[in-house]
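A closer look at the structure
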Amino acid sequence: MSSVIGKNIRLSVFGESHGEAIGCVIDGLPAGVKLDMDKIYFDMARRAPGKDKTSTPRLEKDIPHILSGLLDGVTTGAPLAMIIENTNTKSKDYKDIMTVPRPSHSDYPAFVKFGGNNDVRGGGHFSARLTAPIVFAGAVAKQILDEKGITVGAHIKQIGEVFDEAFDMNCISAQLLKNVSSKTFSVIDDGAEQKMRDEIEKYRLDLNSVGGIIECAAVGLPAGLGGNMFDTVEGRLSEILFGIPAVKGVQFGLGFGFAAENAKAVNDCYEINDGKVCLKSNNNGGVLGGMTSGAPLVLSVAMKPTPSIAAPQDSVDLEKMENTTLEIKGRHDPCILPRAVPVVESAVALGILDMLSE
């Protein structure tokens, strides 16, 4: 198992959902960066559970306790390490699934890989709770990027059959990204929020869950960041994005939408604007040949419905080797999208900072 990512800015994540604590170590950060802890706490709160019926009722404040790498609020250049204590665990809720794997969860492959020694309480190290350290690292990265004039932001593009307004991929302002990142329920069109909440509630009442899409963008990036072949912007960002539980698809720009199109319709043509080379459209999402094009970087992340639901599901008993029915107890998200927005932002910010550090 590898829980370490990054070439220049290296993030190592540790802990389990129901263990004593979760946390991370970040290596390679520059010294002398003044961190605004209130901004870090805000992003942590956006991801934290227990706010309303759209998420698990498990209440965790997710306040990071910094152990090293920060002195008087300024980075020292040493590894930045932090922990978050787990304070609201109910491990007994998981006794029935010790040998009965949850459908569409990591339980069965982890049982095989680790010989039954994997911690299934709350998902253990496979839990979405492990995204809290990613948000901490991303909140740090976003502050460093902001000093370089780079802004990252995301919104919920879709939940079930309900859609938010999409980004205009060739005209995204830093202010728009800051606006959506300032919301606890991140949408562009505020009118979409209640419709999405209603969609989530419909599935919650049916003992079910629902998936969706998060759209993320970054502006202020220089052209030429990244590389071709096996060092592409798409590859580097996808690697960290797929580390987020429930992510099943990542696309840049039109992504799979290119398949039904022709070149005349979707090629991003060039023009000179105020003495600068600009793109007339941005269907490629700001990446060409694995490198940033200078246009806004735009990607979408598809997230599956939370697999832990209370409705009866077919499974197997791994001890008795017989078929059985599983009814999952405990506290689970009927939709992970509202809490996942800051996680996606953080993953993208961390990946961009890693590439810029080269």
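Heads up: the structure comes first, above all this text.
Topic: the sheet that holds strand β2 (residues 10-15)
For sheets, the rule is that strands pair by backbone hydrogen bonds, running either parallel or antiparallel. Read across the sheet, five strands follow the order β1-β2-β3-β7-β4 without closing on themselves; strand pairing throughout is antiparallel. Each having just a single partner strand, β1 (4-5) and β4 (65-68) make up the two edges of the open sheet. Where β4 meets strand β7 (residues 80-85), three bridges bridge the pair, whose relative direction is antiparallel. Paired with Ser-68 across the strands is Ala-81, a residue of β7.

Some thoughts on unusual backbone geometry
Even without being a glycine, Leu-207 presents a positive backbone phi close to 55°. You can call Leu-207 partly exposed: its relative accessible area is 44%. Despite not being glycine, Ala-246 shows a phi value in the positive range, around 85°. Tracing the sequence through the fold places Ala-246 in the loop between α6 (233-241) and β11 (247-252).

Digging into the nonpolar core
Among the nonpolar cores identified, the biggest contains 71 residues, and Leu-237, Leu-241 and Met-303 are the most heavily contacted of them. If you tally residues by element for this core, the top one is helix α8 (residues 337-356), at 12 residues. Setting aside residues up to four positions removed in sequence, Leu-237 forms contacts with Phe-252, Leu-297, Leu-299, Val-348, Gly-351, Ile-352 and Met-355. Within the second largest apolar cluster, nine residues are counted, among which are Phe-167, Met-169, Leu-177 and Ile-188.

Notes on helix α1 (residues 37-47)
Of the residues making up α1, those classed as buried are Met-37, Ile-40, Asp-43, Met-44, Arg-46 and Arg-47. Residues of α1 that are buried make contact with β4, β5 (70-71), β7, α3 (131-147), α4 (174-181) and α8. Measuring from the side-chain oxygen of the N-cap residue of α1 to the backbone nitrogen of Asp-38 gives 3.0 Å; that N-cap residue is Asp-36.

Describing α6
Taken residue by residue, α6 has Val-233, Arg-236, Leu-237, Ser-238, Ile-240 and Leu-241 as its buried positions. Elements that come into contact with the buried residues of α6 comprise β1, β11, β14 (287-288), β15 (291-292), β16 (297-303) and α8.

So, the pattern of salt bridges
One pass over the full model with this rule turns up 16 salt bridges. Lys-7 is paired through a salt bridge with Asp-231; the nearest N and O atoms lie 3.0 Å apart. Taken together, the residues Lys-7 in the loop between β1 and β2 and Asp-231 in the loop between β10 (212-219) and α6 connect sequence positions 224 residues apart. Accessibility expressed as a relative area gives 52% for Lys-7, which makes it exposed. Using a relative accessible area of 23% as the deciding quantity, one classes Asp-231 as partly exposed. A salt bridge links Glu-201 to Arg-204; its shortest N-O distance comes to 2.8 Å. You can see Glu-201 and its partner Arg-204 sitting in helix α5 (residues 191-205), three residues apart, about one turn around the helix.

Here is what the cut-offs are and how they apply
- Residues numbered from 1 in each chain as written.
- Predicted model: local features only at pLDDT ≥ 70, side-chain atom pairs only at ≥ 80, totals over all residues.
- Heavy atoms only, no water.
- Pairing = 2+ DSSP bridges.
- Helix = DSSP H or I, 4+ residues; strand = E, 2+ residues; numbered from the N terminus.
- Buried < 20%, exposed > 50% of the residue type's maximum accessible area, 1.4 Å probe, protein only.
- Core = buried A, V, L, I, M, F, W, Y, C linked by side-chain atoms within 4.5 Å.
- Contact = heavy atoms within 4.5 Å.
- Polar contact = N/O pair within 3.5 Å; in protein donor to acceptor, adjacent residues only side chain to side chain.
- Salt bridge = Lys/Arg side-chain N within 4 Å of Asp/Glu carboxyl O.

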